[in-house]
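# Examination of the molecular architecture
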Amino acid sequence: MLYIGVMSGTSLDGLDIALVEQGEHTQLLAYHYQALPDSLRDRLLALCSSGADELARAAIAEQQWAELVAEGVHSLLAEQNLTHQAVRAIGSHGQTVRHEPARGFTIQLSNAALLAELTGITVVADFRRRDVAAGGQGAPLVPAFHEALFASPESARAILNVGGFSNLSLLETGKPARGFDCGPGNVLMDAWIHHYSGQSYDRDGAWAASGQVQEPLLHALLGDPFFQTTGPKSTGRELFNLPWLMQQLDTQPGYQPADVQATLLELTATSIAASLRQAQPHCSELLVCGGGAHNKALIGRLQALLSPVKVSRTDDHGVPADWVEAMAFAWLAHCCLNNIPGNRPEVTGARGLRVLGAIYPA
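Parameters at a glance
- Positions within a chain are numbered from 1, following the residues in the order the chain's sequence is written.
- Predicted model: local features are reported for residues with pLDDT of at least 70 only, side-chain atom pairs are reported and counted for 80 or more only, and whole-chain, interface and lining totals are derived from all residues.
- Side-chain metrics rest on all non-hydrogen atoms present in the structure, leaving aside hydrogens and water.
- The way it works is that DSSP assigns letters per residue, a run of H or I at least four long becomes a helix, a run of E at least two long becomes a strand, and they are numbered from the N terminus.
- Only protein chains enter the accessibility calculation, which uses a 1.4 Å probe; a residue is then buried when its area is under 20% of its type maximum, exposed when over 50%, and partly exposed in between.
- By convention in these notes, a salt bridge is any Lys or Arg side-chain nitrogen within 4 Å of a carboxyl oxygen on Asp or Glu.
- UniProt positions are given in the numbering used here, feature names are shortened, and annotations may be inferred rather than shown by experiment.
- In this analysis, two residues are considered to be in contact whenever any of their non-hydrogen atoms come within 4.5 Å of each other.
- Within 6.5 Å between ring centres, the rings of Phe, Tyr and Trp (the latter by its six-membered ring) count as paired, and their orientation is classed by plane angle as stacked under 30 degrees, edge-to-face over 60, tilted in between.

### Some details on the environment of E266
Within the secondary structure layout, E266 lies in helix 10 (residues 257-279). Among the residues examined, E266 registers a relative accessible area of 8% and is labelled buried. Along the chain, E266 and L218 lie 48 residues apart, while their C-alpha atoms are 7.6 Å from each other.

### Comments concerning the pattern of salt bridges
Taken as a whole and assessed by the stated rule, the structure comprises nine salt bridges. E172 is paired through a salt bridge with K175; the nearest N and O atoms lie 3.5 Å apart. Using a relative accessible area of 14% as the deciding quantity, one classes E172 as buried. Assessed through its relative accessible area of 46%, K175 is described here as partly exposed. Here the residues in one salt-bridge network are E172, K175 and R178, joined through shared partners.

### Some details on the UniProt feature "binding site: ATP" (unreviewed entry) in the protein chain
In the numbering adopted here, UniProt assigns the feature "binding site: ATP" (unreviewed entry) to G9, T10, S11, L12, D13, G14, L15 and D16. Overall, T10 belongs to the partly exposed group, its relative accessible area being 21%. Inspection of the secondary structure puts L12 in the loop between strand 1 (2-8) and strand 2 (14-22). Under the relative-accessibility criterion, L12 is labelled buried at 1%. With residues near it in sequence (within four places) discarded, L12 still touches L36, R41, L44, L45, Q95 and R237.

### Digging into the packing of aromatic side chains
Under the counting rule described, the total for this entry stands at eight aromatic pairs. Between F226 and F227 the ring centres are 5.8 Å apart and the planes differ by 80°, which places this aromatic pair in the edge-to-face class. In this structure, F226 and F227 share a single accessibility class: buried. The rings of F226, F227, F240 and W244 are connected pair by pair, giving a single aromatic cluster.

Set out below in structure tokens:
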């Protein structure tokens, strides 16, 4: 059966739309990237913190988001000479604007009803809230999919997704999949380079590579209580954001901008490496996916910090790094429609296995 998975991450750069064939195995057939207009990105980013008239602004933003997804879905289907009847369902993650499981809620904007109306395809959305309702973090949700896709009987393997935030899935033969958020992935590096130069991201980590890591600043950043906790845990822009960084810099003024970027990259690499060594000390292989897989400076630091662990991209195992998460939500839609639990209590801390997602029929 054919499914479409839609992922819009915390980096807010665009929509990843994957066409997946789901049988005994999950196979990526095609994909489409839909850039997020600056105006919509700004609206969604503004909703990540409190402000006036939030309900109306959120409703308008998710309507525009759904219209953009529908445009991308139609483009993908046209590119593949498929009609909407060929697709069983769309798995839509939505755009996270608030994630506060400690307060009992997580919010992803998607307007799944409108998306079903515009595409003529059943939509499965709102995957995280059932896990939160069961006492879980609602994140990360990808370890179960990573287990289905990448589990190896020969080795203890970890899957690292580096988007706005970084998360690990820990896979070992005979044990349930485990996983958790490590901390910032690209979010602080993206915020700092945009603040300083207006660029959306640091290509290949080149700006970071031009600077020097500042140990006092790194020590201060790693002093945040989040890094002292173990899983289940998740995080988001509610904690790690530009104001958080600026507050840290205010206490230690005078750093060169490139040195700040270098230190932020080291923060991402160090928090990932420390998390993996603590949670899976006998890991032999780390597979990296997400936008951060293209950051050559980051991958280089991970290789250095984790040696002799083999660090490679998921591309080397037949799955393009950019499309793993979108594929995951196609798979979660399949699980929902077939009454298969999609969470892992060992990952999120939920009271048990739960079928995730709400169904909006075509």
